[in-house]
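So the chains spell out like this:
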Amino acid sequence: MIVLIGFMGAGKSTVGGLLAEHLGMPFVDSDEVIEASEGLAVREIFETLGEAEFRRVEAATITGLLAGPDVVLALGGGALTTPEVRAALVDQQVVLLDVVFGEALERVAADPGRPMLHTPDLSGLYERRQDAYQEAARVVVQVSGRSPREVVADVLGALGMDSVGE
Ligand code: S3P
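Residues numbered from 1 in each chain as written. Predicted model: local features only at pLDDT ≥ 70, side-chain atom pairs only at ≥ 80, totals over all residues. Heavy atoms only, no water.

Engineer: Summarise the overall build of the protein; cite the residues concerned and give the values.
Structural biologist: Secondary structure summary: the protein contains eight helices and five strands in total. Along the protein, from the amino end to the carboxyl end, the secondary structure elements read β-α-β-α-α-α-β-α-β-α-α-β-α. The C-alpha atoms of the protein give a radius of gyration of 15 Å, which matches the 15 Å a tight globule of 166 residues would have. With the C-alpha coordinates aligned to their principal axes, the bounding extent of the protein is approximately 45 × 35 × 25 Å. A total of 166 residues make up the protein; the buried ones form 49% of that total. When contacts within the protein are restricted to residue pairs at least 6 apart in sequence, long-range pairs at least 24 apart make up 72% of them. If you sum the accessible surface of the protein, you get close to 7,900 Å²; carbon and sulfur atoms cover 52% of it. Placing the 12 positive and 26 negative side-chain charges of the protein at their respective mean positions leaves the two points 2 Å apart. (Helix = DSSP H or I, 4+ residues; strand = E, 2+ residues; numbered from the N terminus. Rg over C-alpha atoms; globule rule 2.2 N^0.38 Å. Buried < 20%, exposed > 50% of the residue type's maximum accessible area, 1.4 Å probe, protein only. Contact = heavy atoms within 4.5 Å. Areas by Shrake-Rupley, 256 points an atom, 1.4 Å probe, with all protein chains shown as cover. Lys, Arg positive; Asp, Glu negative; His and termini not counted. Charge placed at Lys NZ, Arg CZ, Asp CG, Glu CD.)

In structure tokens, the structure reads:
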């Protein structure tokens, strides 16, 4: 299991997909699993059920996935706000995709599917999440100014898996 964490716009889904392809493992995005099980888009869950209910479903989904078969798993950027998720990640191979705020914002600013972008103090939210990301991460990979392929190579290197699949 490789778990990708990081703020919205860090590239968790793009990098995760490429990484999984390289390793011959399935790629799973926790938000997609939530959307499939709830039958609602993440944005709709926030609108109709609220963030607290989203976090509850998110934590249950992630702990379930961590107990399942090995995959490359990308978590939503706010997953670590739930203590249960932080606890479940302690023994996992967690990779932080570390993105500077400005670049994250550039990548996702126009996306209507990301309700947390409407948070009044978005840079404050970014700052407040950094400690939890750093604490959960076994390895940290810088993604700012780098292509998804470069990031994948760095992740493999950081995990000592450089030669896998080559
Ligand atoms: C969220 C990030 C989103 C998604 C939801 C909440 C957040 O995932 O889980 O909109 O709180 O940062 P991405 O990080 O994939 O955008």
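There's plenty left to go through after this.
Engineer: Give a description of the pairing of strand β5 (residues 139–142) that names residues and reports values.
Structural biologist: Along β5, the buried face is formed by V139 and V141; none of V140 and Q142, which line the opposite face, is buried. Relative to β5, strand β4 (residues 93–98) runs parallel, the two being bridged by four bridges. Bridge assignment links L97 to a residue of β5, and that residue is V141. (Pairing = 2+ DSSP bridges.)

Engineer: Pulling in residues and values, what's your account of the nonpolar core?
Structural biologist: Ranked by size, the top nonpolar core spans 57 residues in total, and within it I5, F7, L19, L75, L80, V95 and L97 carry the most contacts. Aside from chain neighbours lying at most four places away, what touches V95 is I2, V3, L4, I5, V139, V141, V155 and L159. (Core = buried A, V, L, I, M, F, W, Y, C linked by side-chain atoms within 4.5 Å.)

Engineer: Describe the site of the ligand, with residues and values.
Structural biologist: Within the structure, the ligand sits among 15 residues, and K12, R55, G77, R114 and R129 are positioned closest to it. Within the backbone of G78, an N or O atom sits 3.3 Å from an oxygen atom of the ligand. Within the side chain of R129, a nitrogen or oxygen atom sits 2.6 Å from an oxygen atom of the ligand. Its free accessible area being 380 Å², the ligand has 95% of it covered by the protein chains. (Near = heavy atom within 4 Å. Polar contact = N/O pair within 3.5 Å; in protein donor to acceptor, adjacent residues only side chain to side chain.)

Engineer: Summarise the sheet that holds strand β2 (residues 27–29); cite the residues concerned and give the values.
Structural biologist: With parallel pairing, the five strands of this open sheet are ordered in space as β2-β3-β1-β4-β5. Of all strands in the sheet, those with a lone pairing partner are β2 and β5, marking the two edges. Taking the axes of each pair of neighbouring strands and ignoring which way they run, one obtains an average angle of 25 degrees across the sheet. Bridge count for strand β1 (residues 2–5) against β4 is four bridges, and the pairing is parallel. Along β4, the bridge assignment pairs I5 with L96. Packing against the sheet, helix α2 (residues 30–38) makes contact with β2 and β3 (72–74), and its axis sits at approximately 65 degrees to β2. (Axes fitted to C-alpha atoms, helices over the stretch in contact; angles between N-to-C directions.)

Engineer: Mind laying out the packing of aromatic side chains, listing which residues take part and the relevant values?
Structural biologist: The geometry of an aromatic ring pair is captured by the separation of the ring centres together with the interplanar angle, meaning the angle of the planes. For the structure on display, the rule yields four aromatic pairs. Ring plane angle 55 degrees and centroid distance 6.4 Å describe the contact between F7 and F101, whose orientation is recorded as tilted. Of the two residues, F7 is situated in the loop between β1 and α1 (12–23) and F101 in helix α6 (residues 101–108); the sequence distance between them amounts to 94 residues. Taking 5.2 Å as the distance between ring centres and 85 degrees as the angle between the ring planes, the aromatic pair formed by F7 and Y126 counts as edge-to-face. Note that F7 is positioned in the loop between β1 and α1 and Y126 in helix α7 (residues 122–136), a separation of 119 residues in sequence. Like Y126, F7 is buried. (Phe/Tyr/Trp six-rings, centres within 6.5 Å; stacked < 30°, edge-to-face > 60°.)

Engineer: Can you break down the packing of α1 against helix α8 (residues 148–158) residue by residue, with the values?
Structural biologist: For the pair α1 and α8, the least separation of the axes is 9 Å and the interaxial angle reads 60 degrees. Of the possible angle classes, the one that applies to α1 and α8 is oblique. For the crossing formed where α1 meets α8, the hand is right-handed. Taking contact as the criterion, the partners of T14, V15, L18, L19, H22 and L23 in α1 are, on α8, P148, R149, V151, V152, V155 and L156. (Parallel < 35°, antiparallel > 145°, perpendicular 65-115°, else oblique. Left-handed = near helix turned anticlockwise from the far one by under 90°.)

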